Each structure stands twice: as structure tokens, then as C-alpha cells.
Amino acid sequence: MEKPKWVVDKERAKRAAAAETVWLFGLHAVRDALMNPARERMRLVVTKNAADKLYDAIIASGMEPEIVDPRKFDKAVEIDTESVHQGAALHARPLSWGSVEDVCLTGAGAPLVVLLDRVTDPHNVGAILRSAEVFGARAVIAPARHSAPETGALAKTASGALERQPYLRVQNLADAMESLREMGFELIGLDGKAELTIAEGVAQAGTRPIALVLGAEGPGLREKTRETCDRLVKIPFATDFGSLNVSNAAAISLYAAVNR
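Predicted model only: the values in this text are computed from it and were never measured.

### Quick look at the nonpolar core
Counting 52 residues, the largest nonpolar core has Leu90, Leu116, Leu129, Leu212 and Leu214 as its most contacted members. Broken down by element, this core gets its largest block of residues, six residues, from helix H12 (residues 246-258). Residue contacts for Leu129: discarding those within four places in its chain leaves Val140, Leu154, Ala158, Ala161, Leu162, Gln165, Pro166 and Tyr167. Counting 20 residues, the second-largest nonpolar core is a separate cluster that includes Met177, Met183, Phe185 and Leu187.

See the structure below:
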């Protein structure tokens with residue numbers, strides 16, 4: 001008897017996720033990954049100078065580093081030659097945080113999450129992870145496709161937050177939003193043309209948990225995402241020509257949510 005298509009697709013996705021790997025680079029990102037017991041690590045490639053700086057983390061991880069000549073470093077690892085690696089690179093598997101329900105309903109931190117609608121720039125997502133950690137959000141959620149995957153550039157920008165701040169990539173963002181609504185979250189979307197300000201929107205949420213929904217710069221929220229939100233809000237500008245990138249907008253929105 002043949003397996004149903006949905007079972008086959010689920011098993012295929014699971015195998016693909018298990019095969020996915022990432023090269024993390026930079027002293028800060030590599031140190032935090034070495035110190036994270038949840039991170040599955042495979043290869044550590046470092047220069048002698050970087051190994052000395054990472055000595056405590058290397059000992060704690062139990063890994064045997066590969067010491068390479070700085071002039072041959074780029075050939076020893078699979079990262080962009082323009083990357084600011086500081087002589088340290090770690091080959092590892094992406095972190096697995098669990099389901100949206102597990103993390104957002106009973107996870108650590110404030111009852112606050114951030115959802116990203118097709119935000120693909122790893123530097124923006126890395127910065128958002130940093131802000132989410134600073135303001136105590138339980139998770140940052142993005143679609144599995146058309147979003148920034150876990151990469152070395154994202155990890156370096158996140159400055160260690162990737163190891164501590166849950167970053168969940170889901171099959172369908174609208175479905176994740178509906179799940180959050182069932183958990184009691186108020187879905188607040190950022191839209192420059194909205195009537196309500198962010199301060200007014202979070203105040204109207206009362207004491208309910210908040211899910212902030214942000215879209216990519218330029219296109220903003222997709223129609224389906226916008227329709228799934230409970231309300232739309234904007235960040236008011238002093239002039240008609242003001243604009244913010246999505247990571248700055250996320251930081252301001254998180255601040256507003258925790259200080260309502």
C-alpha cells in the first residue's frame with residue numbers, strides 16, 4: 001500500500017532538513033556555537049591565533065580543531081572569500097527549536113513573538129534576532145521558503161543571538177498566525193498606510209500576548225498575511241519622507257510592545 005502524498009512530502013522534508021548544514025564564521029558566532037550544547041557540530045577550522053582566542057570554548061565543546069595557515073584558510077572552508085571570518089569557521093547543523101506551539105505557548109521570555117513575511121536579507125534577520133533577544137521575545141518566525149535561512153552571515157550579524165533566540169521556519173506563515181491566534185495572541189501587522197499607530201495598536205491589545213508581523217522592505221506584507229492580522233499599525237514619522245528598514249521597525253515595535 002502506497003503512503004499518502006502528505007506523508008511522503010513530510011518524510012522528504014524531514015530528510016532534507018537533516019541533510020542541511022551551515023558554516024558559521026567569526027569569533028563571536030563560533031564561540032557561542034561551541035558553547036551551545038544544542039548545536040550539532042562537525043568541523044572546526046581555525047588559525048592558530050583564533051584557536052588561542054577561542055581556547056576555553058574549544059575545550060568546553062570537546063572538539064578537535066583543524067589548525068590551518070591563515071593564507072590557506074579560504075581553501076579549507078566553504079564560505080565566501082569576502083566573509084570577515086577572523087580565522088574561525090564551524091561546520092554545523094541548523095538548530096531545531098521545536099514547534100510553534102511548544103515555543104510560543106510555554107517558552108521562555110515574554111508572551112511576545114515576531115513574524116517575518118518574506119524577509120530574505122540575512123543581515124536584517126540577524127539584527128531582528130538580536131532585538132528579539134534584548135526585548136525577551138519568545139520566538140522569531142518566518143516561512144521556510146522565501147526567508148533568510150540560518151547562514152554564517154545571519155549568525156555573525158546576530159552576534160550570538162542565533163544560539164539563544166528561537167528562530168522558527170514554518171511551512172505556511174498564515175497557518176502559524178492562526179495557531180498563534182488560537183493561543184490567544186493578538187496579531188499586529190506593520191503597514192505604513194495603517195490608521196492606528198503602533199502605540200495605539202499595542203494599547204488596544206490590552207494584556208493579551210502580542211505577535212508582531214513585519215513584511216519585507218518595499219513590498220511589505222502580502223495580502224494574505226495582511227488579511228490574517230487582527231489589526232494593522234504604523235510607526236509615525238516626523239515627516240512624509242521618513243522610512244525605516246525592517247530591522248529598525250522591528251526594534252521599535254518590540255520596544256512599544258514591552259512598554260505598553
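Picking up after the structure, the text goes on.
### Focus on a nonpolar patch on the surface
A contiguous nonpolar patch, built from Phe237, Leu244 and Ile252 and spanning about 240 Å² of accessible area, is present on the exposed surface. Mapping Leu244 onto the fold places it in the loop between strand E11 (231-234) and H12.

### Quick notes on unusual backbone geometry
With the exception of glycine, most residues fall at negative phi, and the peptide bonds are largely trans. Of note, Gln86 is a non-glycine position whose phi angle comes to about 55°, a positive value. For His146, which is not glycine, the phi dihedral falls at a positive 60°. His146 sits in the partly exposed class, given a relative accessible area of 42%.

### Details of the sheet that holds strand E3 (residues 66-67)
Reading across from one edge, E1-E4-E2-E3 is the order of the four strands in this open sheet, with mixed pairing throughout. Here the strands that pair on one side only, and so sit at the sheet edges, are strand E1 (22-25) and E3. Where strand E2 (residues 41-46) lies against strand E4 (residues 88-92), five bridges are found, and the strand directions are antiparallel. Within E4, the position partnered with Leu44 by the bridge is Leu90.

### Remarks on the pattern of salt bridges
Following the criterion strictly, the structure yields 14 salt bridges and no others. Its salt-bridge partner being Glu40, residue Arg93 comes within 3.2 Å of it at the nearest N-O pair. Separated by 53 residues along the polypeptide, Arg93 in the loop between E4 and helix H6 (100-106) and Glu40 in the loop between helix H2 (27-34) and E2 bring together distant segments of the chain. Since its relative accessible area comes to 45%, Glu40 is described here as partly exposed. Between Asp230 and Arg181 there is a salt bridge, and its shortest N-O distance comes to 3.0 Å. Remark: Arg181 occurs in helix H9 (residues 173-182) and Asp230 occurs in the loop between helix H11 (223-228) and E11; sequence separation between them is 49 residues. Classification of Asp230 by relative accessible area gives partly exposed; the value is 34%.

### Points about the side chain of Asn36
Within the fold, Asn36 resides in the loop between H2 and E2. A relative accessible area of 11% places Asn36 in the buried class. For Asn36, the side chain forms a polar contact with the main-chain nitrogen of Ala38, separated by 3.0 Å.

Rules and cut-offs
- Residues numbered from 1 in each chain as written.
- Predicted model: local features only at pLDDT ≥ 70, side-chain atom pairs only at ≥ 80, totals over all residues.
- Heavy atoms only, no water.
- Core = buried A, V, L, I, M, F, W, Y, C linked by side-chain atoms within 4.5 Å.
- Buried < 20%, exposed > 50% of the residue type's maximum accessible area, 1.4 Å probe, protein only.
- Helix = DSSP H or I, 4+ residues; strand = E, 2+ residues; numbered from the N terminus.
- Contact = heavy atoms within 4.5 Å.
- Patch = residues over 30% accessible without salt bridge, like charges linked within 9 Å, V, L, I, M, F, W, Y side chains within 5 Å.
- Areas by Shrake-Rupley, 256 points an atom, 1.4 Å probe, with all protein chains shown as cover.
- Salt bridge = Lys/Arg side-chain N within 4 Å of Asp/Glu carboxyl O.
- Pairing = 2+ DSSP bridges.
- Polar contact = N/O pair within 3.5 Å; in protein donor to acceptor, adjacent residues only side chain to side chain.

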